[in-house]
Amino acid sequence: MRAFVVKHVKPAFSLEKTVGDDEVVIEKDRFRQALRRVDESIALLMEKTDGRAEERGILEAQRYMLNDPDFISQVEDLIVSHHYNAPYALEEATGRVVQHLNQLGDYPKENIADIQDIAGRVMSAMTETRLTNLRKLDERSIIVADTILPSELMGLDPSLIGAICLDGGGSTSHVAILARAMNIPCVFALKDASSRVVTGSVVALDAFNGILYIDPDVRTVAAIRREKRLLDEEERLLKEDAVLPAITKDGVRIRLECNIEGPDHIDLCLKNGAEGVGLFRTEFLLMGGDKTYSEDEQAAIYSDMARRFNRRGSVTIRTYDVGGDKIIKDLAHDEDNPVLGWRAVRFCMDEKDIFRTQLRAILRASTAGRIRIMFPMISGADELDDVLSFFEEVKQECRAEGTAFDEEMEVGTMIEVPSAAIASDILSTRVNFFSVGTNDLTQYTIAVDRGNEKISYLYKEYHPAILRLLKLTSENAHRNGIGLSMCGEMAGNLSLIPLVIGLGYRQLSMSPACLLGARKLIRSMNYSDCKVLAKKALDMTSCRAMESLLEKFNAEIRDNQ
Ligand code: PEP
Ligand code: MG
């Protein structure tokens, strides 16, 4: 297959003063987007002024300048008539305005400084925009990229993507999760692949071993095709077992559910025998396009999902977990530490209209089937209490207006922040279930960015500290008689599933692509052995020791299969 190379650039405007005909629209769009981002950040600051009139006045004036139609059309005219790129056009227009005001002589200097300040902010919002050539992908190719954001991937036609090869990244990054859900092979940490491959060259990917061949010879291509046929055949055989229950040899039933990112992924989940949706990452609805979803539209999506799974099990809807690498167009904001920042329920509790719309849609859909609701990134009881009381307020509104919903709907929280796991005894008295997000729990506990390949050697879900948190959470859930599931990637990792089950997790939610293998594995092992494994694992003092324990256990299972 041919390669399509993707490079992201943070353009330095002085290097590319003019653009081609086909880029004029993109440049205008880039300018408008930057205006919106700055406008939003000012609006946010205004909310935080607590009525201090002077501050508010300055911000209002800045907002006024930012939205001045004359100025906006000056910049856009320069883009259209001179083909200037957006930053250059902005600088040119600002220069002209400033020169004009200076010539007036009596125009206040501080107002001129304000104009320059605001133009500077738009400029930095603009030059931070990541630009890619992804829009030009028009034939089925293997994408070889420096990075890809989940939102960029969502905007592409999956039939054009043969595979994705990334210079960096990790298997629990959101782009990896999304690629798995779209059934697209994805390989990471190829270092400088995007610099070594050129668009249009012939490449072959051995996704199983993570090797990308540039200009492969005939024998290599034949070997990869052979391997692919074997894997397809193995999957076909596994599919025949998709209807069998996941039950261990000694009779313990494990529930296998799926994680989904959108309605398009339901078919694969049903085909692979998912017994429900353990995690619907609703924020993906907002990514990859300009669309926002109204209450009616969301209610329709959630209801349809609940109906399609109704005979099998429940659908667990996680409220928007925006932020981090899940960047939503128009809601993006600059932060020094986005992963630790204004995201998930923190964002939703500030943007109550967006949150209320989603909560109402979930409540309404709960009459269509078995729906559970869960909140992401909860860090402790105060945050959870605030979210629960807002949820109660929204329920009350629905009751008052006669909008029907399931009064018994289960409410849960994700356990993915270390403080939540440590305080899981406290949280367990407030919800009906926990769902453990090992992707973030690992990232935050070990302080290792889940998408950074340079430090991926530290990213280990079986780190002794993580196992202790998993055990603590499981014990607290069982002690208080609430539901417990795991929806992080660890739950679908075949070499870790026995350990997870041994730690008390009997409800696992995973990418649909992992379901078949997980079912086969569970049917071939004993629950009692998993308990022994978990007990031994908790005595291990290092990841290295844990690795040899797991290797030995998994080799025995393989031998007995
Ligand atoms: C997790 O953090 O483990 C999780 C399931 O949520 P996400 O991967 O969407 O952050
Ligand atoms: Mg998470």
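What you see is a predicted model; the values in this text were computed from it and never measured.

### Quick look at the overall build of the chain
Each helix and strand counted, the chain has 22 helices and 14 strands in total. With respect to the three principal axes, the spread of C-alpha positions in the chain is 90 × 70 × 45 Å. Residues classed as buried in the chain amount to 52% of the 561 residues present. Pairs at least 24 apart in sequence give 67% of the contacts found in the chain among residues at least 6 apart. Taken as a whole, the chain presents about 25,600 Å² of accessible surface, with 50% of it coming from carbon and sulfur.

### A look at the pairing of strand 1 (residues 3-6)
Along any regular strand the residues' side chains alternate between the sheet's two faces. Residues of strand 1 alternate between two faces, with Ala3 and Val5 on one and Phe4 and Val6 on the opposite face, all of them buried. In terms of strand pairing, strand 1 meets strand 2 (residues 141-145) through 4 bridges, oriented parallel. Across the sheet, alanine 3 pairs through a bridge with isoleucine 142, a residue of strand 2.

### A look at the domain arrangement of the chain
What the domain assignment lists for the chain is domain 1 (3-127) and domain 2 (248-526). A separation of 39 Å is found between the C-alpha centroids of domain 1 and domain 2.

### Observations regarding a negative patch on the surface
A cluster of acidic residues, Asp250, Asp529, Glu556 and Asp559, forms a negative patch at the surface. Tracing the chain through its elements places glutamate 556 in helix 22 (residues 543-560). You can call glutamate 556 partly exposed: its relative accessible area is 43%.

### Points about the site of ligand 1
The full set close to ligand 1 counts 16 residues, and Arg281, Arg318, Gly437, Asn439 and Arg450 are the nearest of them. One of the side-chain nitrogen or oxygen atoms of histidine 174 is found 3.0 Å away from an oxygen atom of ligand 1. A distance of 2.8 Å separates an oxygen atom of ligand 1 from a polar side-chain atom of arginine 450. Burial of ligand 1 by the protein amounts to 100% of the accessible area it has alone, namely 290 Å². Going through the elements one at a time, helix 7 (174-181), strand 8 (277-281) and helix 17 (438-446) are the ones with two or more residues in the shell around ligand 1.

### Describing the coordination of the magnesium ion (ligand 2)
Only Glu416 (OE) and Asp440 (OD) from the protein reach the magnesium ion (ligand 2) as donors, at distances of 2.0 to 2.1 Å. Taken together, the residues span a long stretch of sequence, with glutamate 416 in the loop between strand 11 (411-415) and helix 15 (418-422) and aspartate 440 in helix 17 at a distance of 24 residues. Judged by its relative accessible area of 2%, glutamate 416 falls in the buried class. What makes aspartate 440 buried here is its relative accessible area of 4%.

### Things to note about the side chain of serine 524
When you line up the elements, serine 524 lands in the loop between helix 20 (515-523) and helix 21 (527-539). Ignoring anything within four residues of it in the chain, the contact list for serine 524 reads Lys249, Ile557 and Gln561.

### Thoughts on the sheet that holds strand 2
Pairing is parallel across the open sheet formed by 4 strands, whose spatial order is 1-2-3-4. Across the chains shown, the open sheet's two edge strands, defined by having one partner strand only, are strand 1 and strand 4 (186-187). Bridge analysis of strand 3 (residues 161-166) against strand 4 gives 2 bridges, and the strand direction is parallel. Looking at the pairing, cysteine 165 lines up with valine 187 of strand 4.

### So, the pattern of salt bridges
Scanning the entire structure with this criterion turns up 32 salt bridges. We note a salt bridge from glutamate 76 to arginine 32, for which the minimum N-O separation is 2.8 Å. One end of the pair, glutamate 76, is in helix 3 (residues 69-82); the other, arginine 32, is in helix 1 (residues 24-47), with 44 residues separating them in the sequence. A salt bridge links glutamate 407 to arginine 399; the shortest N-O distance between them is 2.8 Å. Overall, the relative accessible area of 42% leaves glutamate 407 in the partly exposed class.

### Describing the packing of aromatic side chains
This model, assessed by the stated rule, comprises 6 aromatic pairs. On the basis of an interplanar angle of 70 degrees and a centroid distance of 5.0 Å, the ring pair of tryptophan 342 and phenylalanine 347 is categorised as edge-to-face. The exposure class assigned to phenylalanine 347 is buried, which follows from its relative accessible area of 2%. Ring geometry for phenylalanine 375 and phenylalanine 391: centres 6.0 Å apart, planes at 75 degrees, overall edge-to-face. Of this pair, phenylalanine 375 sits in strand 10 (residues 371-375) while phenylalanine 391 sits in helix 14 (residues 381-401), and the two are 16 residues apart along the sequence. Each member of the pair, phenylalanine 375 as well as phenylalanine 391, carries the same accessibility label: buried. Chaining the aromatic ring pairs together yields one cluster made of Phe355, Phe375, Phe390 and Phe391. One Lys or Arg, arginine 372, reaches over the ring of phenylalanine 433 and ends 3.6 Å from the middle of that ring.

Quick notes on the rules
Each residue is numbered by its place in its chain's sequence as written, counting from 1. As they are written, the chains are lettered A onward and the ligands numbered 1 onward, keeping that order. Local features are withheld for residues below a pLDDT of 70 in this predicted model, meaning they are given only at 70 or higher, and side-chain atom pairs are given and counted only at 80 or more; totals for whole chains, interfaces and linings count all residues. Note: side-chain values were computed over all heavy atoms of the structure, leaving out hydrogens and water. Under the scheme used here, helices are H or I runs from DSSP no shorter than 4 residues and strands are E runs no shorter than 2 residues, and both carry numbers assigned from the N terminus. Relative accessibility thresholds used throughout: buried, under 20% of the residue-type maximum; exposed, over 50%; partly exposed, between the two (1.4 Å probe, protein chains only). The criterion used for residue contact is that any of the two residues' heavy atoms lie within 4.5 Å. Residue-level accessible areas treat just the shown protein chains as cover; the underlying method is Shrake-Rupley with a 1.4 Å probe. A pair of strands is labelled paired if DSSP reports no fewer than 2 bridges between them. Note that domain bounds follow an automatic or database assignment of domains. Think of a patch as exposed residues, more than 30% relative accessible area, with no salt bridge, where like charges cluster within 9 Å and nonpolar side chains (Val, Leu, Ile, Met, Phe, Trp, Tyr) cluster within 5 Å. Here a salt bridge means any side-chain nitrogen of Lys or Arg lying within 4 Å of a carboxyl oxygen belonging to Asp or Glu. Counted as positive: Lys and Arg. Counted as negative: Asp and Glu. His and the chain ends are not counted at all. Lysine's charge is taken at NZ, arginine's at CZ, aspartate's at CG and glutamate's at CD. Only heavy atoms are used to decide nearness, and a residue is near a molecule or strand if one of them lies within 4 Å of it. Think of a polar contact as two N or O atoms within 3.5 Å of one another; within protein, one of them needs to be a possible hydrogen donor and the other a possible acceptor, and neighboring residues in sequence only count if both atoms come from side chains. Sites may look incomplete, because water is not among the atoms used; the donor set itself consists of N, O and S atoms within 2.8 Å of the metal (3.2 Å for Na, K and Ca). Working definition: a ring pair exists when centres of Phe, Tyr or Trp rings (six-membered ring for Trp) sit within 6.5 Å. Plane angles under 30 degrees give stacked, over 60 give edge-to-face, the rest tilted. Working rule: Lys NZ or Arg CZ, within 6 Å of ring centre, within 35 degrees of ring normal, means a charge sits over the ring.

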